[in-house]
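Coordinates in review
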Amino acid sequence: MVRPAAATRRHRCAARPRPGDPVAIGLQAVPDPAAAPRRRGVLLALAVLLVALNLRLAITSLGAMLDPLREQGLSATTAGVLTSLPVLCFAGVGATAMVLTRRVGVDRGLAVSLVLLTGGLVLRVVGGTPALVAGTLVACAGIAFANVLVPAIVKEHFPTRVGPVTGAYTAALALGSAAGAALTVPIANATGLWQVGLGAWAVVALAAALAWVPYCWRRSRAHDTRGDLALWRNPTAWAVTVLFGTQSVFAYVMMSWLPSVYAAAGFSDETAGLLLAVSIMIGVPLFFVAPSIAGRLRHQGHLVAGLTALSMAGWAGLWLAPAGGAWVWAALLGAGGAVFPVVLSFFAMRTTTVAGAAALSTMAQSIGYLLAAAGPFLVGVLHDVSDTWSLPCALLVALGLAQVAAGYLAGRDVVVDRA
């Protein structure tokens, strides 16, 4: 019987191998050699996203529980210590990340950080106030190491996809931050135990640690420390560091004081908190998109300037008409926060090696988070002195000008380490 031509064509099309299908060689079918690396790349990306999900959970979950803990006898002094520990750890412990990296490599170093994070989350719920403080310190130390190492891991494993992967993991970080703030108290209320509300997040950290196990066996090659020292004499490295510091000030001032600004404008505490949540959630999609745009540009200065202008407009609005455009100002501040993933992508874009990315990340984050610690304090002092939010808001608008200048220097198409 003669097969119809159309059926013959369909048969031939159906028989044609597709990407990922076995490829016929003679009578034997063998797997597509590109399929396994693609699957490994997807699994690795998912592991990085799970790690990123944990990088603020320990902080926002504790912040959500502070008032209930105060009602159960936690002192104001201890509460103040607990709120200061994260940023101080990010600056102090993060500065030592290169020591860990040189000893065990970035992949194993991230495994160590996840073990510290998981252990700290467990420790802080197994005892009284001393365990709470000690556990928070250990957990934040783990986060501090991971903050530095994840950009280097992106540089090493996704050298041609730095922008999209950076965007994805910073979006996951923001989602984790929101989850910790929103779900911790309901979990504690549902179980009747604050320890369960805080301790539940140790399960998520353990899951990230287990997901990273397949990737932590290889030890990265140690590098010459002279390259680290050279960064401190490089103007572009300093521009990246200043940029990281200014955006950190914006972020931590917003998280610390934005509800108070809205409360002073006449909004209820619930509405003021909702406005802060709006700022955080609006930033999530932009966190994903901004680094991808940065990766396509030869010079990222215009992108940083545009995003900074949004933040400046938001603070100017809070200065001049905090009640009239409250939701608009919240949206602008959230959108302007997308400078954060852009500067994270600079750690890989401005370097040629994994070691260089880790060194630049260490320098920028250690100094940047010190600025972040000072920013909310200075804003609080200015508010107390002037008894108004006008002076702090004006200062933040001026800070935006410094961020624009740093962005144009950091955004140049140059590298800061040796190839």
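Higher on the page you've got the structure.
Right, let's walk through the structure included here. Because the structure is predicted, anything quoted here is derived from the model rather than measured. (Residues numbered from 1 in each chain as written. Predicted model: local features only at pLDDT ≥ 70, side-chain atom pairs only at ≥ 80, totals over all residues. Heavy atoms only, no water.)

So, the overall build of the protein
Helix and strand counts for the protein stand at 17 helices and two strands. Expressed as a percentage of the 419 residues in the protein, the buried residues total 49%. Put simply, the protein shows about 18900 Å² of open surface, and 68% of that area lies on carbon and sulfur atoms. (Helix = DSSP H or I, 4+ residues; strand = E, 2+ residues; numbered from the N terminus. Buried < 20%, exposed > 50% of the residue type's maximum accessible area, 1.4 Å probe, protein only. Areas by Shrake-Rupley, 256 points an atom, 1.4 Å probe, with all protein chains shown as cover.)

A short note on the packing of helix 3 (residues 57–71) against helix 7 (residues 162–191)
How two helices sit against one another is set out by the angle between their axes and by the gap between those axes. The geometry of helix 3 relative to helix 7 is characterised by a closest axis approach of 7 Å and an angle of 40 degrees between their N-to-C directions. It follows that helix 3 is oblique to helix 7 by the angle criterion. Every pair of crossing elements has a handedness; the one defined by helix 3 and helix 7 is right-handed. Of the residues in helix 7, those touching helix 3 at Leu-57, Thr-60, Ser-61, Ala-64 and Met-65 are Gly-176, Ser-177, Ala-179, Gly-180, Ala-181, Thr-184, Val-185 and Ala-188. The residue inventory of the contact of helix 3 with helix 7, partitioned by class, reads seven nonpolar, six polar and no charged. (Axes fitted to C-alpha atoms, helices over the stretch in contact; angles between N-to-C directions. Parallel < 35°, antiparallel > 145°, perpendicular 65-115°, else oblique. Left-handed = near helix turned anticlockwise from the far one by under 90°. Contact = heavy atoms within 4.5 Å. Nonpolar A, V, L, I, M, F, W, Y, C, P; charged D, E, K, R; others polar.)

Structural notes on the nonpolar core
Formed by 82 residues in total, the largest nonpolar core has its most connected members in Trp-212 and Phe-346. Sorting elements by how many residues they give to this core places helix 6 (residues 129–157) first, with eleven residues. Setting aside residues no more than four positions away along its own chain, Trp-212 makes contact with Leu-44, Ala-47, Val-48, Asp-107, Leu-110, Ala-111, Leu-114 and Ile-153. Judged by nonpolar contacts, the second largest core, of 23 residues, contains Phe-250, Ala-272, Met-312 and Val-397. (Core = buried A, V, L, I, M, F, W, Y, C linked by side-chain atoms within 4.5 Å.)

Topic: a nonpolar patch on the surface
Together, Leu-206, Leu-210, Val-213 and Trp-217 make up a nonpolar patch on the protein surface, roughly 430 Å² of accessible area in all. With respect to the helices and strands, Leu-210 occurs in helix 9 (residues 201–212). We classify Leu-210 as exposed; its relative accessible area is 55%. (Patch = residues over 30% accessible without salt bridge, like charges linked within 9 Å, V, L, I, M, F, W, Y side chains within 5 Å. Salt bridge = Lys/Arg side-chain N within 4 Å of Asp/Glu carboxyl O.)

Examining empty space enclosed by the protein
Counting across every chain of the model gives two cavities of 30 Å³ or more. Together, Leu-55, Arg-56, Asn-147, Tyr-169, Leu-173, Phe-340, Leu-344, Gln-365 and Tyr-369 line the largest cavity. For the lining of the largest cavity, the secondary-structure elements that each account for two or more residues are helix 7, helix 15 (339–349) and helix 16 (354–386). Partitioned by chemical class, the residues of the lining of the largest cavity number six nonpolar, two polar and one charged. (1 Å grid on protein atoms, 1.4 Å probe; cavity = no way out; pocket = protein on both sides within 12 Å on 5 of 7 lines; lining within 4 Å. Points joined across faces, edges and corners; volume = space filled by probe spheres on them.)

Digging into helix 12 (residues 269–296)
Its 28 residues place the ends of helix 12 42 Å apart at the C-alpha level, agreeing with the 40 Å of an ideal helix rising 1.5 Å per residue. Its axis deflected by about 35 degrees at Leu-286, helix 12 carries its strongest bend there. Inspection of helix 12 places Ala-272, Leu-275, Leu-276, Ser-279, Gly-283, Val-284, Phe-287, Ala-290, Pro-291, Ser-292 and Ala-294 among the buried residues, and these make up the whole buried set. (Expected span 1.5 Å × (residues − 1). Bend = angle between axes of the 7 residues up to and from the residue.)

Coordinates in, geometry out; function isn't part of it.
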